[in-house]
Amino acid sequence: MTTTTEPHELNRRALAMLRAVAQGRAQLACSAEPDLYIDGVPCCDQFTAHLLTHAGLITPATGRFGELVPATLSPAGTAALSTPVAA
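What counts and how
Residues numbered from 1 in each chain as written. Predicted model: local features only at pLDDT ≥ 70, side-chain atom pairs only at ≥ 80, totals over all residues. Heavy atoms only, no water. Axes fitted to C-alpha atoms, helices over the stretch in contact; angles between N-to-C directions. Helix = DSSP H or I, 4+ residues; strand = E, 2+ residues; numbered from the N terminus. Parallel < 35°, antiparallel > 145°, perpendicular 65-115°, else oblique. Left-handed = near helix turned anticlockwise from the far one by under 90°. Contact = heavy atoms within 4.5 Å. Nonpolar A, V, L, I, M, F, W, Y, C, P; charged D, E, K, R; others polar.

Chemist: What is the right way to look at the packing of helix H1 (residues 12–22) against helix H2 (residues 46–54) in this model?
Modeler: Orientation of H1 relative to H2, taken along the N-to-C sense of each, is 65°, at an axis distance of 10 Å. As summarised for this structure, H1 and H2 are arranged roughly perpendicular, according to the angle between their axes. Note on packing geometry: the crossing formed by H1 with H2 is right-handed. Contacts between H1 and H2 involve Ala14, Met17 and Leu18 from the first element and Thr48, Ala49 and Leu52 from the second. Among the residues forming the contact of H1 with H2, the class breakdown is five nonpolar, one polar and no charged.

Structure, rendered in structure tokens:
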């Protein structure tokens, strides 16, 4: 099942996670449900991390199963960061 997340649906936490990826501070564990690590610490909201990866906003570099690899923004993730957030 594919989950889509439109940029206007992202909350402030999801946008903060995208900013950390853009700053090169994030890693993903290679798996079907990739866990996000920021500054070497597991992210407190893995549900949102899974949504961001399944929506194609962040992607892991190539690695072996279970390996931590750098996380990168997709073009859609970059676009989501440039979308203003409603108050």
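Back to the write-up after that little detour.
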